[in-house]
Structure formats: C-alpha cells, structure tokens
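Structural characterization, general
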Amino acid sequence: MVMTMFEPVRISPSILSADFMDLASDIATIQRGGADWVHVDVMDGHFVPNLTMGVPLVKQLKRSCTMPLDVHLMISNPLRQIPWFVEAGADIVTFHIEAVSGDEGLQAVELARSLGAQVGVAVKPATPVGAVAHLVPLVDMVLVMSVEPGFSGQSYIEGSELKVTEVVDVAREAGCAPVVQVDGGIGPGTLGGVVAAGADCLVCGNAVFAANAPERALADIRARAEEVRASSAAEAAAHA
Ligand code: DX5
Ligand code: ZN
C-alpha cells in the first residue's frame, strides 16, 4: 500500500467557490474548520476558458493567511509565471503537464524548487498518467483532475479513482510517495473511491463553501475520509 496511508488526509478548500466580497471571513471559517491548505485556482482565459485570480491576490492572502497556499496554475506558459507566484507567496505551485512541452516540465520543477517552493504537476481528465510518469519521482505532488479544469461546481467524473491508483502504482514503482491530490467534484459522497485508491489530499470547492455550515462540511469530509482510510487499512491488513 501507499506509504502515506496512515497519515491524515489533507483538505485544501478551493476559494474559487468562496465569497470574494467576504474572503477574509471565508478564510477564517475554513481555518477554524481545520483546513490544511488553501487551494487557489489561477485561470488565464487561455489554457482554460475561465479567468479567475492572480498574483496580487496570492500576495494579499500571504499577508494574512497562515495556512499554506496551494496554487493551482491552469495557465499556458507556466515557466514564465511560476516565479511570480512563488515570490507572491505560493507554498506549493502546481502546473499542468498539458501546458508544457519537451523538457519544460522538468524545468518547471527545477525552477519552483530553486525558488524555495514545493511543486506539483497536474493531469487533466483525458491525459494519461504516463504523461507525468517521468516527473512523479521529482515532484512533491501529483494532481489528478476529476473534472475538466475551468469551473467549480462540476460533477465528479466517475473512474477518476482509477487514475489515482495508476499514480500510486507509478510512485510505488519509482520508490517515492508524492502527495496525490484530487480536484473536482469532491465531497462526502464522492471522496470514497479516490481515498481508497490512495489520494491523500482533497480539493473541495462547492462541498465546503456552498454548504450551509462550511466548518461542519469540512469536519464531515474529514470524518468520511478517515473512515475510508481506516476500512482500507483493515482490508489491506486482512489480505496481508
Ligand atoms: C476546477 C478547479 C477546482 C474547482 C473545485 O477547474 O481546479 O479547484 O474549483 O471546485 P469543486 O470542488 O466545486 O469542483
Ligand atoms: Zn483547482
């Protein structure tokens, strides 16, 4: 099984679903609710059709937010902008493999690291895990998209958990254990498959911020994830 199996699942609420006019209060709410990271969805209107937030917001978040900033770059030419986001305060910066070519993926990893940030690589739903296999031993995190990037509030694409299994297998074969993050349509009803498959970081947008009580929603997500973890561990032990 994955080495991270007994560590708590991290939860990274996506502020794309937050109230931008009351962001400070929403950040305080998820902090009280025990969020591990803050997921910042950067979209450029080019790599994806939507346009969201950028460097100035990351800079301001960094001034007041003590949770690590998990910056998801859905942008073309990430090599150009990684330094901007790291300088602004991104703790972990994740670029898309579909946005780079040749050895740019490797360069992006080295660039983020050289600037002192952690680095992740993301795959869109249609991109095979093989496209990032060469980077898996080098990154801190692999992000499996379980919706088409671009918008919050979409439905989880069934079968995304199989990709999580593939990432875990590639990592195990390479003798490494990057964080495996899943992003898109994740909530108490959909997290079971991905957590059982070995995901250890869940991005949740609507499941947290569109809930009546975001703090309770976070607690429910965590409880459900830990329940799945525990039963996967029991099953693994029974088959050992
Ligand atoms: C989609 C973004 C996600 C999204 C998550 O392109 O990367 O982070 O905002 O939102 P939910 O959880 O509502 O799908
Ligand atoms: Zn995201």
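Residues numbered from 1 in each chain as written. Chains lettered and ligands numbered in written order. Predicted model: local features only at pLDDT ≥ 70, side-chain atom pairs only at ≥ 80, totals over all residues. Heavy atoms only, no water.

**A word on the overall build of the protein**
Our working definition: Think of it this way: any DSSP run of H or I at least four residues long counts as a helix, any run of E at least two long counts as a strand, and we number them from the N terminus. The globule rule is 2.2 Å times the number of residues to the power 0.38, and the radius of gyration it is compared with is taken over C-alpha atoms. Exposed residues in this analysis have more than 50% of their type's maximum accessible area, buried residues have under 20%, and partly exposed residues fall in between, with area computed by a 1.4 Å probe over protein chains only. The contact rule is simple, with two residues in contact once any of their heavy atoms fall within 4.5 Å. The protein chains shown are the only cover counted for residues, whose accessible areas, like all others here, come from Shrake-Rupley with a 1.4 Å probe. Charge assignment: positive for Lys and Arg, negative for Asp and Glu; neither His nor the chain ends contribute. Charge placement uses NZ in Lys and CZ in Arg. For Asp and Glu, CG and CD serve respectively.
The helix and strand tally for the protein stands at eight helices and eight strands. Relative to the 2.2 N^0.38 estimate, which gives 18 Å for 240 residues, the radius of gyration of the protein is 17 Å and therefore close to what a compact globule would have. Considering the protein as a whole, with its 240 residues, one finds that 52% of them fall into the buried category. Put simply, 69% of the contacts in the protein that link residues at least 6 apart link residues at least 24 apart. Per element, the accessible surface of the protein, about 10,400 Å² overall, is 54% carbon and sulfur. Of the side-chain charges in the protein, 14 are positive and 28 negative, and the distance between the mean point of each set is 5 Å.

**Remarks on the sheet that holds strand β1 (residues 10-13)**
This is how it is decided: For two strands to be treated as a pair, DSSP must find at least two bridges joining them. All axes are obtained by fitting lines to C-alpha atoms, using only the stretch in contact for helices, and the reported angles, taken between N-to-C directions, cover 0 to 180 degrees.
Taken together, eight strands build an open sheet; the order of strands is β1-β8-β7-β6-β5-β4-β3-β2 and the sheet is parallel. Each of the sheet's edge strands pairs with one partner strand only, and the pair in question is β1 and β2 (38-43). Averaged over all neighbouring strand pairs, the angle between strand axes comes to 25°, with direction disregarded. Of the strand pairs in this sheet, β2 and strand β3 (residues 69-74) are connected by six bridges, and their pairing is parallel. From the neighbouring strand, Val38 faces β3, where its bridge partner is Leu69. Contacts from helix α5 (residues 160-174) reach β5 (118-123), β6 (141-145) and β7 (179-183) within the one sheet, and its direction differs from that of β6 by about 160°.

**Considerations on the packing of aromatic side chains**
This is how it is decided: Stacked, edge-to-face and tilted are the three classes for Phe, Tyr and Trp ring pairs, Trp counted by its six-membered ring, which pair at centre distances within 6.5 Å; planes under 30 degrees apart are stacked, over 60 edge-to-face, the rest tilted. We call a charge positioned above a ring when the Lys NZ or Arg CZ atom is no farther than 6 Å from the ring centre and deviates by at most 35 degrees from the ring normal.
Under the criterion given, the structure shown has zero aromatic pairs. Sitting over the ring of Phe47, Lys124 keeps its end group 5.1 Å from the ring centre.

**Concerning helix α1 (residues 23-32)**
Rule in force here: Summarising the geometry, the arc corresponds to the directions from the helix axis toward the C-beta atoms.
Along α1, the positions that sit buried rather than exposed are Leu23, Asp26, Ile27, Thr29 and Ile30. What you see down the axis of α1 is that its buried residues fit within an arc of 160°, all on one side. Away from its buried face by more than 90 degrees, α1 exposes Ala24 and Arg32. Where α1 is buried, its residues contact β1, β2, α2 (55-64), α7 (206-209) and α8 (214-238). Just downstream of α1 lies Gly34, where phi reads positive at about 90°.

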